[in-house]
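Secondary and tertiary structure notes
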Amino acid sequence: MRVTKHEHAGLTIREGGKTLVVDPGNFTDPLFDLGDLVAVVLTHEHPDHWTPEHLDRLRTAYPGVPIYGPEGVVKAAAGYDIIAVHPGDTLAVDPFTLRFFGGTHIEIHSSIPLIDNVGVLVNDEFYYPGDSYTVPKGADVQLLAAPMGGPWLKIGEAMDFVLAVSPRRAFGTHDMGLSVIGRGMHRARLKWATEQGGGEFFELDPGDSVDL
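Structure report, in brief.

Reading the values: the criteria
- Residues numbered from 1 in each chain as written.
- Predicted model: local features only at pLDDT ≥ 70, side-chain atom pairs only at ≥ 80, totals over all residues.
- Heavy atoms only, no water.
- Salt bridge = Lys/Arg side-chain N within 4 Å of Asp/Glu carboxyl O.
- Helix = DSSP H or I, 4+ residues; strand = E, 2+ residues; numbered from the N terminus.
- Buried < 20%, exposed > 50% of the residue type's maximum accessible area, 1.4 Å probe, protein only.
- Axes fitted to C-alpha atoms, helices over the stretch in contact; angles between N-to-C directions.
- Parallel < 35°, antiparallel > 145°, perpendicular 65-115°, else oblique.
- Left-handed = near helix turned anticlockwise from the far one by under 90°.
- Contact = heavy atoms within 4.5 Å.
- Nonpolar A, V, L, I, M, F, W, Y, C, P; charged D, E, K, R; others polar.
- Phe/Tyr/Trp six-rings, centres within 6.5 Å; stacked < 30°, edge-to-face > 60°.
- Pairing = 2+ DSSP bridges.

Digging into the pattern of salt bridges
Once their charged atoms are close, side chains differing in charge can pair, the charge on each being opposite to the other. Counted according to the given criterion, the structure contains nine salt bridges. Its salt-bridge partner being Asp94, residue Lys18 comes within 3.4 Å of it at the nearest N-O pair. With a gap of 76 residues between them, Lys18 in strand 3 (residues 18–22) and Asp94 in the loop between strand 7 (90–93) and strand 8 (96–104) connect regions that are remote in the sequence. You can call Asp94 exposed: its relative accessible area is 55%. In this structure, the salt-bridge partner of Asp124 is Arg99, at a minimum N-O distance of 2.9 Å. Highlighted residues: Asp124 in the loop between strand 9 (116–122) and strand 10 (126–128) and Arg99 in strand 8, separated in sequence by 25 residues.

Let's talk about the packing of helix 3 (residues 155–165) against helix 4 (residues 180–196)
The geometry of helix 3 relative to helix 4 is characterised by a closest axis approach of 8 Å and an angle of 25° between their N-to-C directions. The angle between the axes of helix 3 and helix 4 places the two elements in the roughly parallel class. When you trace helix 3 past helix 4, the crossing you get is right-handed. From helix 3, Ile155, Ala158, Met159, Val162 and Leu163 reach across to helix 4, where they touch His186, Arg189, Leu190, Trp192, Ala193, Thr194 and Gln196. For the contact of helix 3 with helix 4, the residue count by class is eight nonpolar, three polar and one charged.

Some details on the packing of aromatic side chains
Inspection of the entire model under this criterion finds five aromatic pairs. Plain terms: the ring middles of Trp50 and Tyr80 are 6.3 Å apart, the flat faces sit at 75° to each other, and that makes the pair edge-to-face. In this pair, Trp50 sits in the loop between strand 4 (36–41) and helix 1 (52–61) while Tyr80 sits in the loop between helix 2 (71–76) and strand 6 (83–84), placing the two residues 30 residues apart along the sequence. Assigned by exposure class, Trp50 and Tyr80 land together as buried. These aromatic residues form a ring-pair network of at least three members: Tyr133, Trp152 and Phe161.

Description of the sheet that holds strand 8
Pairing in this open sheet of seven strands is mixed, and the strands run 7-8-9-10-11-12-13 from one edge to the other. Strand pairing shows two members of the sheet lacking a second neighbour, strand 7 and strand 13 (200–202), which therefore form its edges. For this sheet, the mean angle separating the axes of adjacent strands, direction not counted, is 25°. Relative to strand 13, helix 4 is tilted by about 155°, and along the sheet it contacts strand 11 (143–147), strand 12 (169–173) and strand 13.

In structure tokens, the structure reads:
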């Protein structure tokens, strides 16, 4: 299984010639050459995690491809036939098994309503929490995509999240709002947190991949 980081929160996961797309948002460049696209997962409704343009492009290239997301995405993306998923759900989209965790986006500010958010565990190996610090209970995470920046993120809390998951490998994502210097600083903090559990941290830029 190969996990590729794209701009900001966008990810592709490939296995056996088939592809899963996660969170192609408004900071993510158009995704092409996806091979056999079997599903799209949207962790929540914010535009940095999905756009109509991305969904239109993917649906045109891959008619009928299923798109999964929590209830908030179903409402926000009305007209795209989003299939609702909830924390605790498990589904199979060959060759991927998807397990969903969490339920709520981290609070940005008390004046901003909370929204639905799901983290997704792919093939019991790769975990991406969306905009949350939900730990996938009972999972032996081989690779973690750890958020590094955002209006809701404090780097100390992100470090605690990595410490709690204790992945074998990790890389930073959700990083478009960071300067070059800020990205380097936050990567260093998450690298430290990953290494406390004996794991290895990868500094991935858009287009870089990790194989499992």
